[in-house]
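Summary of the model geometry
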Amino acid sequence: MCEDIIPEDQWTKSQREFVGSTFPTPKGGVLTVVRVSSEKSGSNTLFICECTNCRKDRELFPDYFKITKGNLIREVYPCGCSKRPSWIEYQNKIRVERECNKRGYIFHGWVGCYQRKNTKLDLENKTTGNRWVTTKLDNFLQG
């Protein structure tokens with residue numbers, strides 16, 4: 001992370017004014033702009049943010065979030081507090097494993113290649129020993 005930030009003494013005036021800005025998230029968290037990234041999205045500066053809700057779960061969200069100023073102002077959130085979070089494969093694996101622990105299932109992995117919400121799961125019921133490979137990720141996580 002250290003290599004992809006712009007040192008504070010190199011921030012522009014508008015970047016300096018924007019760092020420290022806070023945005024309430026739809027799930028009751030607060031997203032705070034903490035640094036300026038050296039990376040860009042097209043020609044737009046990416047800002048590094050931290051969410052009060054998401055930072056509590058370092059397994060699911062081990063890193064800070066990067067987003068443009070324009071997206072933050074339009075209330076597009078880069079974290080799990082978004083109305084429609086954009087989960088990546090390792091996060092979905094963690095989410096499935098957690099749900100399996102609640103339901104008493106064993107998660108044996110993906111069936112075939114990971115295909116986002118359409119990925120099929122290899123699941124087993126610990127109590128009955130029944131094992132199946134027909135449930136889609138999205139359906140499983142929605143209950």
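Here goes a summary of the coordinates provided. (Residues numbered from 1 in each chain as written. Predicted model: local features only at pLDDT ≥ 70, side-chain atom pairs only at ≥ 80, totals over all residues. Heavy atoms only, no water.)

**Focus: the pattern of salt bridges**
- In this structure the tally under the stated criterion is 12 salt bridges.
- Put simply, E97 and K93 hold a salt bridge, and the shortest N to O gap is 3.4 Å. Within this pair, E97 and its partner K93 are both found in helix α3 (residues 89-103), separated by 4 residues, close to a single helical turn.
- Classification of E97 as partly exposed rests on a relative accessible area of 31%.
- The partly exposed category is assigned to K93, whose relative accessible area is 39%.
- For E99, the salt bridge goes to K102, with nearest N and O atoms at 3.8 Å. Taken together, the positions of E99 and K102, both in helix α3 and 3 residues apart, correspond to about one turn of that helix.
- For K102, a relative accessible area of 68% translates into the label exposed. (Salt bridge = Lys/Arg side-chain N within 4 Å of Asp/Glu carboxyl O. Helix = DSSP H or I, 4+ residues; strand = E, 2+ residues; numbered from the N terminus. Buried < 20%, exposed > 50% of the residue type's maximum accessible area, 1.4 Å probe, protein only.)

**Brief notes about empty space enclosed by the protein**
- What the rule picks out here adds up to 1 cavity of 30 Å³ or more.
- When its volume is computed, the largest cavity comes out at roughly 40 Å³.
- For the largest cavity, the full set of lining residues is E50, C51, C54, R55, R58, D63, Y64 and F65.
- Tallied by class, residues from the lining of the largest cavity come to 4 nonpolar, no polar and 4 charged. (1 Å grid on protein atoms, 1.4 Å probe; cavity = no way out; pocket = protein on both sides within 12 Å on 5 of 7 lines; lining within 4 Å. Points joined across faces, edges and corners; volume = space filled by probe spheres on them. Nonpolar A, V, L, I, M, F, W, Y, C, P; charged D, E, K, R; others polar.)

**Some details on the nonpolar core**
- In terms of nonpolar packing, the biggest core is built from 20 residues, with F23, L31, V33, C51, C54, L72 and C79 touching the most fellow members.
- Secondary structure elements with two or more residues in this core: β2 (30-41), β3 (44-51) and β4 (65-68).
- Excluding residues that lie within four positions of it along the chain, C54 makes contacts with F61, F65, C79, G80 and C81.
- Of all hydrophobic cores here, the second largest spans 10 residues; its members include Y105, F107, L121 and L137. (Core = buried A, V, L, I, M, F, W, Y, C linked by side-chain atoms within 4.5 Å. Contact = heavy atoms within 4.5 Å.)

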